[in-house]
Amino acid sequence: MLSDLGIALLYLLAQLSFFILVIVLLVLSIKHKNTLNKLERRIESIEKTLNLSEGEGKLLPSQIDKHFTEDIISAQKTKAPSAFSSFISWLKINWIMKLGALLIILGFGWFLGYAFLKNWIGPAGRIALGFISALIFLLIGWQRIQKYFVQGSILLLLGSTINLLTIFSARYLYNFFNESVALTVIFLNAALISFVSVIYKSEVLSTIGIIVGGIAPLLVRSPQGAEMPINAVGFFSYLVAVIIGSLWIVYLTQNRKLTIIALAVVAGYSIPFLFSTDTIPYSGKLIDLLPFIAVLSFLFFLTNTLEFLKSEKPVADIITSGGNGLLLLLWLIKSLNLEIQSIIISLIALIFVILSYLIFSFTKNIKPFLTYVGMGGVYIATATSIELVGPALIIALTIEIFALCLLVYLVTKDLNITANLSILFLWPIFLSFETIFSSDWRSKDYGVFHQAFFALFTLALTMLFLGIFFQRQGQSQSKNIKNIILYLIAFGSAYLYLLIWRSLHQIFTVIITIQNGEYLATFICLAIYTLIGLISYFVGLFKKISALRIYGAILIGLVVIRILLIDAWLMAITYRIITLFVIGLLLLMTAFLEVSRRKNKI
């Protein structure tokens, strides 16, 4: 337990720290307010100019245009004041009052320290003195803010800070009050700040009000009750009330950034329940808290959706929607039974998809559409991952990503966005590494057409189809789209060639089991790759499709490199000679095609 002098010094230090924080926040607020005042004066000047031109007829339209141009150039040349100059400007306004407030805080803190040291004031008196001091500052601040916003804000925040510190000391040091009473007092304290912020449209006060309401549960738990089970139901009930108030402030002030702060409060309190349940003294089940999370998620989504319908640049709402969706998903995974997880998550995914289409139909704004569709895709992929594993999961994810790309293209008709979504194939590609080396390729039980085969086949076919589809959508394509097309065709081809390789090797080494079957399979694969490369090269040459011609040349080059570096040294002598002769003849025969092409050209 701290000594009385230590308590007094801690009390004083906390007051000074918050006072400095308030100064910084108000400097930023004043900076924005000064900017608005300059704009208002400029508008008044323009109005006077317009009235003069209408009443006296002294200014011609060209002169008015010149006046506007000069104002714009002057505004562009005017540099925003630095933080230091803003602070100096703020100090010049009512500097005597600010100095007096600082001296009062210092004197009050030293008086309390001396009084505590001499034991003039007992625990109850100390708490009462804190509440009385806070009330005095709040009343004076409320009276002053009606005429002088800066002065009143300082006094209100000063009184609010003393109130919070008094409650914290009463609970932590002396175990006064119960949690409900302390929580109610802090909530009313935050409600007062929020009320003032709405009346005077202060972003700083709104932010402080939400933060104070959010951190209240941290201030009301005494050290004696730290090991007792948390009343999580009552705690989350309070959190719902705080978020409702916060979103109401957002509605009244139209400050969308406050939704991010409100969501951060919910996420901050959710983290211990989601990731470290062993370290929190909570004996209940997380599913009991899920209704509160569902209500909070619904409130955020309702607020964001309404804003999407009327805002052209809903950046804050997009961030909140994505964060809210991920937070809800974590709660569903953590609290629901495994048997019903995928069903509930899939239903929510369906709601996301339907909602995204409706919002796009009304607003034609692509950002909220992609936000909700993306969240729906994450939910569907999560539900799929819960139900399936191995090759079945790869097939399902590949089909889902393909369907998502197709849906986005059909709704938006934007090829660039659709092509960028194809990066999601990296997920099934990563999962397919285990399938490539699956034991199915060494088993006679399922033949060639087993789960691993169909997983690779689906992945190869889907990426090739999308690459060709994007290629056929027009010639005026950006460099980004051309690169994505190249990647899709390259990866799709690689998986197709890998499928041919694994299938032929399985046929000749596992199913038929002939002598030197591995060398025969390798020879056939290299011959097939060479034929595909030659066909691609000459079709591209005759049709003047440079991408196809380059593709064929690269494939032929890779075959030759593999023969010279690997197969020519590992194969049995018979298969080595056959491979070199056959591949060499295939390449040699292209001379006749070159001659034929030149004759036709002549």
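Above this note sits the structure.
Quick caveat: nothing in here was measured; it's all calculated off a predicted structure. (Residues numbered from 1 in each chain as written. Predicted model: local features only at pLDDT ≥ 70, side-chain atom pairs only at ≥ 80, totals over all residues. Heavy atoms only, no water.)

Focus on the overall build of the chain
- Across its full length, the chain holds 23 helices and zero strands.
- Within the chain, the fraction of its 602 residues that count as buried is 43%.
- Here the analysis covers contacts within the chain between residues at least 6 apart in sequence; of these, 70% occur between residues at least 24 apart.
- Entry remark: accessible area of the chain is about 33100 Å², with carbon and sulfur atoms responsible for 70%. (Helix = DSSP H or I, 4+ residues; strand = E, 2+ residues; numbered from the N terminus. Buried < 20%, exposed > 50% of the residue type's maximum accessible area, 1.4 Å probe, protein only. Contact = heavy atoms within 4.5 Å. Areas by Shrake-Rupley, 256 points an atom, 1.4 Å probe, with all protein chains shown as cover.)

Quick look at the packing of helix α10 (residues 257-275) against helix α12 (residues 315-335)
- Remark: α10 packs on α12, axes separated minimally by 10 Å, with the N-to-C direction vectors making an angle of 15°. In terms of their interaxial angle, α10 and α12 are classed as roughly parallel. Between α10 and α12 lies a crossing whose hand is left-handed. Together, Lys 257, Thr 259, Ile 260, Leu 263, Val 266, Ala 267, Ser 270, Phe 273, Leu 274 and Phe 275 of α10 and Ala 316, Ile 319, Thr 320, Gly 323, Asn 324, Leu 327, Leu 330, Trp 331 and Lys 334 of α12 make up the contact between the two elements.
- When grouped by side-chain class, the residues that make up the contact of α10 with α12 number 12 nonpolar, five polar and two charged. (Axes fitted to C-alpha atoms, helices over the stretch in contact; angles between N-to-C directions. Parallel < 35°, antiparallel > 145°, perpendicular 65-115°, else oblique. Left-handed = near helix turned anticlockwise from the far one by under 90°. Nonpolar A, V, L, I, M, F, W, Y, C, P; charged D, E, K, R; others polar.)

Looking at the nonpolar core
- Formed by 39 residues in total, the largest nonpolar core has its most connected members in Phe 236, Phe 273, Trp 331, Leu 332 and Tyr 379.
- Mapped onto this core, the elements with two or more residues apiece are α9 (232-253), α10, α11 (290-308), α12, α13 (338-363) and α14 (366-387).
- Residues contacting Phe 236, with those up to four places away along its chain left out, are Phe 273, Leu 289, Phe 292, Ile 293 and Trp 331.
- In this structure, Ile 401, Ala 419, Phe 453 and Met 463 belong to the second largest nonpolar core, which totals 32 residues. (Core = buried A, V, L, I, M, F, W, Y, C linked by side-chain atoms within 4.5 Å.)

Here's the deal with the packing of α9 against α11
- Contact geometry for α9 and α11: axes closest at 10 Å, N-to-C directions at 10°. Considered as vectors, α9 and α11 are oriented roughly parallel to each other. Note on element contacts: α11 touches α9 through Phe 292, Ile 293, Val 295, Leu 296, Leu 299, Phe 300 and Thr 303, opposite Val 233, Phe 236, Ser 237, Leu 239, Val 240, Ile 243, Ile 244 and Leu 247.
- Per-class residue counts for the contact of α9 with α11 are 13 nonpolar, two polar and no charged.

Section: the packing of aromatic side chains
- Using the criterion set out here, one finds 22 aromatic pairs in the structure.
- Seen from their ring centres, Phe 538 and Phe 542 are 6.4 Å apart, and the 35° between their planes marks the pair as tilted. In this pair, Phe 538 and Phe 542 are both assigned in helix α20 (residues 517-543), four residues apart and thus about one turn of the helix distant.
- What makes Phe 538 buried here is its relative accessible area of 7%.
- Among the residues examined, Phe 542 registers a relative accessible area of 40% and is labelled partly exposed.
- In textbook terms, an aromatic cluster arises when at least three aromatic residues are bridged by ring pairs, as seen for Phe 402, Tyr 409, Phe 465, Phe 469 and Phe 470. (Phe/Tyr/Trp six-rings, centres within 6.5 Å; stacked < 30°, edge-to-face > 60°.)

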